[in-house]
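# Coordinate analysis (summary)
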Amino acid sequence: MKYTYIAGTGSYVPDEIISNFALEKMIDTSDEWIRTRTGIVERHIARKDEATSDLAVKAAQSALEDAGLEANDLDLIITATVTPDMLFPSTGCMVQKKIDARKAAAFDISAACSGFLYALEVGDQLIKSGQYQNILILGADTLSKITDWTDRNTCILFGDGAGAVILRTREKEQGVLCSHLYSDGAMSEMLQVPAGGSLRPASEETVQNRLHYITMKGNEIFKTAIKAMTEAIEQAASSVGIPIDNIDFFIFHQANTRIINAVAQRLSIPENKIPLTIQKYGNTSTASMPITLDELNKNGKVHQGDIVCFAAFGGGLTWASSLVRW
Ligand code: ACO
């Protein structure tokens, strides 16, 4: 029997910071509103010439170093992103080229903010199949590039970043214990970028109508996210017979502290088990969980044998949970 464990973590956020006070000068909002409604204080934004793969490369290099591996040891790269460098080739192929991982196959996964957990599940199953030994999983997004900076409903929320984990195989029962993935395409209109794909290819009209930016029904997503993530965590815990009280850390998709607090309240999770990075980085989409995991790991807070639960929610709609024994 083969098991998948996380051998290394990495993350990267771009240098430029936009604070809530800077946003006050751009749109009709306030630092007080953003802090109390979302928990966000500032976010990091990619340069004009910085693509998603550039962020992903830095996270990947950090994860490889943490795992004690070279790029050439990788046999697969799975990149979760909704802001690929271009429609194709995949961002994974761009990363493969830039880190010179000659033996690795590469592809992308699109599941918005849940993408990292979708990629983790695919990587876990491929490791368990025995076909792959060293897989780089990336969650990387530059949502700033598809954000309407005149829309106060969305532009206060997002930041750019990338997170990475290296999955490796071992015989001992450790690492990924389970993952549960969910989708409901019937709610796709709640969160989308309407144009730029085959349905509405880019045209003068789509640009004029601002259809290349994120549109979101934030309030409806808010309620759905709380219910879905609560149930997904319950499902994960019961499927492996681990009581929720015995879980050491809960790494949530960092979309809104009020969403996280509501789930925590429903499941009686104490605050000290929930690492938060949203205040510094905003909602970095699929990158938010691997970035938070990397900070937990590099700060020496997670120890061998600890149980870490992940829960995410995002466009699609998609949601997911995973349990990992560190
Ligand atoms: N500054 C000041 N006021 C604002 C702002 C702002 N930036 N944005 C909205 N408001 C106002 C609204 O106009 C409204 O005013 P009104 O009462 O006079 O009409 C009031 O604040 C309340 O608006 P709501 O939309 O009800 O605010 P809410 O408390 O729901 O917070 C938010 C909005 C932060 C977007 C929240 O709904 C949320 O976090 N939703 C979930 C988002 C999410 O998780 N998305 C999925 C992941 S993202 C991904 O997959 C890429």
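The paragraphs below set out a description of the structure included in this document. Worth saying up front: this structure is predicted, and the values here are computed from it rather than measured. (Residues numbered from 1 in each chain as written. Predicted model: local features only at pLDDT ≥ 70, side-chain atom pairs only at ≥ 80, totals over all residues. Heavy atoms only, no water.)

Here we take up the pattern of salt bridges. Side-chain pairs of opposite charge can arise whenever the charged atoms involved come near each other. Enumeration according to the criterion identifies twelve salt bridges in this entry. D148 is the partner of R210 in a salt bridge, and the nearest nitrogen-oxygen pair spans 3.0 Å. Taken together, the residues span a long stretch of sequence, with R210 in the loop between α6 (204-208) and β10 (215-216) and D148 in the loop between β6 (134-142) and β7 (160-170) at a distance of 62 residues. Of the charged contacts in the structure, one is a salt bridge between K280 and E295, with a shortest N-O distance of 2.8 Å. One end of the pair, K280, is in helix α9 (residues 278-281); the other, E295, is in helix α10 (residues 288-298), with 15 residues separating them in the sequence. Here the residues in one salt-bridge network are R47, D49 and E50, joined through shared partners. (Salt bridge = Lys/Arg side-chain N within 4 Å of Asp/Glu carboxyl O. Helix = DSSP H or I, 4+ residues; strand = E, 2+ residues; numbered from the N terminus.)

Summed over all chains, the structure comprises four aromatic pairs. When the centroid spacing of 5.7 Å and the interplanar angle of 10 degrees are considered together, the rings of Y182 and W319 count as stacked. Here Y182 is found in strand β8 (residues 175-183), whereas its partner W319 is found in strand β13 (residues 318-325), with 137 residues between them in sequence. You can call Y182 partly exposed: its relative accessible area is 24%. Here W319 falls in the buried class, since its relative accessible area comes to 15%. When the ring of F250 is compared with that of F252, the centres are 6.4 Å apart and the planes differ by 20 degrees; the resulting orientation is stacked. (Phe/Tyr/Trp six-rings, centres within 6.5 Å; stacked < 30°, edge-to-face > 60°. Buried < 20%, exposed > 50% of the residue type's maximum accessible area, 1.4 Å probe, protein only.)

Lining the immediate environment of the ligand, one finds 27 residues, of which T29, R37, C113, N219 and N256 sit closest. Here W33 contributes a side-chain N or O atom positioned 3.4 Å from a nitrogen atom of the ligand. Summarising the interface, the protein chains cover 75% of the accessible area of the ligand, which totals 1000 Å² for the free molecule. Sorting the residues of the shell around the ligand by element identifies α2 (31-38), α7 (218-240), α8 (257-267) and β12 (307-314) as the ones contributing at least two each. Of all the elements, α7 adds the most residues to the shell around the ligand, at four residues. Among the residues making up the shell around the ligand, the classes are represented as 13 nonpolar, ten polar and four charged. The residue makeup of the shell around the ligand includes at least three contributed by each of domain 1 (3-173) and domain 2 (177-325). (Near = heavy atom within 4 Å. Polar contact = N/O pair within 3.5 Å; in protein donor to acceptor, adjacent residues only side chain to side chain. Areas by Shrake-Rupley, 256 points an atom, 1.4 Å probe, with all protein chains shown as cover. Nonpolar A, V, L, I, M, F, W, Y, C, P; charged D, E, K, R; others polar. Domains from an automatic or database assignment.)

With that out of the way, let us pick up the sheet that holds strand β11 (residues 249-252). Within a sheet, adjacent strands bond to each other through the backbone by hydrogen bonds, running parallel or antiparallel. Pairing is mixed in the open sheet, where four strands are placed in the order β8-β13-β12-β11. The open sheet terminates on both sides in strands that have one partner only, identified here as β8 and β11. The mean angle between the axes of side-by-side strands here comes to 10 degrees, regardless of whether they run parallel or antiparallel. One ladder, built from four bridges, connects β11 with β12; its direction is parallel. Directly across from F250, in β12, lies its bridge partner C309. Of the strands in this sheet, β8, β12 and β13 are in contact with helix α5 (residues 115-128), which crosses β8 at around 130 degrees. (Pairing = 2+ DSSP bridges. Axes fitted to C-alpha atoms, helices over the stretch in contact; angles between N-to-C directions. Contact = heavy atoms within 4.5 Å.)

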